[in-house]
Amino acid sequence: PRLADFEKALGERRWFGGDRLCAADFLLYHLLEAHLMFDAALFDALPTLLAWIHRFEAEPTIRRYILSDRYIHWPLNNTIARWGSCRDECPTPLRERLEAEQATQ
């Protein structure tokens, strides 16, 4: 599906499953966060979807986990891939963005 299809499916709901965070939100977050990393401009015309991504990351338990030492951002891909298969030497743009936001609060 196209990213616009996900925005349409979300509609005005808080989460993909309705009022409560569910397994679908976790699966879709993983997929959409990777797209955001590849090309953030993809979300320029998708404000509802981008807001959903930020809302997911702002959930207190999720945010604590992302900022913790237990969070493993990589690999995005399997170890045979040329891109996104590293672990320790790869950047963590999500963690860096959240830490920057936290520093300004």
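*Asks:* Account for the packing of helix 2 (residues 23-38) against helix 3 (residues 47-58), with residues named and values stated.
*Replies:* Put simply, helix 2 and helix 3 touch, their axes get as near as 10 Å, and they point 115° apart. Considered as vectors, helix 2 and helix 3 are oriented roughly perpendicular to each other. Crossing of helix 2 against helix 3: the hand is left-handed. Residues D25, F26, L28, Y29, L32, E33 and L36 of helix 2 form the contact with helix 3, whose own contacting residues are L49, L50, W52, I53, F56 and E57. For the contact of helix 2 with helix 3, the class distribution of residues is 10 nonpolar, no polar and three charged.

*Asks:* Residue-level account of the nonpolar core, with values.
*Replies:* Among the nonpolar cores identified, the biggest contains 19 residues, and L32, F43, L49 and W52 are the most heavily contacted of them. Breaking this core down by element, the ones donating at least two residues are helix 1 (3-10), helix 2, helix 3 and helix 4 (60-67). With sequence-adjacent residues up to four places away left out, W52 is seen in contact with L10, R14, W15, F16, D25, L28, Y29 and L32.

*Asks:* Can you tell me about the pattern of salt bridges, naming the residues and giving the values?
*Replies:* Applying the stated rule across the entire model yields two salt bridges. The residue R2 makes a salt bridge to D5 at a minimum N-O spacing of 3.4 Å. Its relative accessible area of 33% is what places D5 among the partly exposed residues.

Cut-offs used in this document
- Residues numbered from 1 in each chain as written.
- Predicted model: local features only at pLDDT ≥ 70, side-chain atom pairs only at ≥ 80, totals over all residues.
- Heavy atoms only, no water.
- Axes fitted to C-alpha atoms, helices over the stretch in contact; angles between N-to-C directions.
- Helix = DSSP H or I, 4+ residues; strand = E, 2+ residues; numbered from the N terminus.
- Parallel < 35°, antiparallel > 145°, perpendicular 65-115°, else oblique.
- Left-handed = near helix turned anticlockwise from the far one by under 90°.
- Contact = heavy atoms within 4.5 Å.
- Nonpolar A, V, L, I, M, F, W, Y, C, P; charged D, E, K, R; others polar.
- Core = buried A, V, L, I, M, F, W, Y, C linked by side-chain atoms within 4.5 Å.
- Buried < 20%, exposed > 50% of the residue type's maximum accessible area, 1.4 Å probe, protein only.
- Salt bridge = Lys/Arg side-chain N within 4 Å of Asp/Glu carboxyl O.

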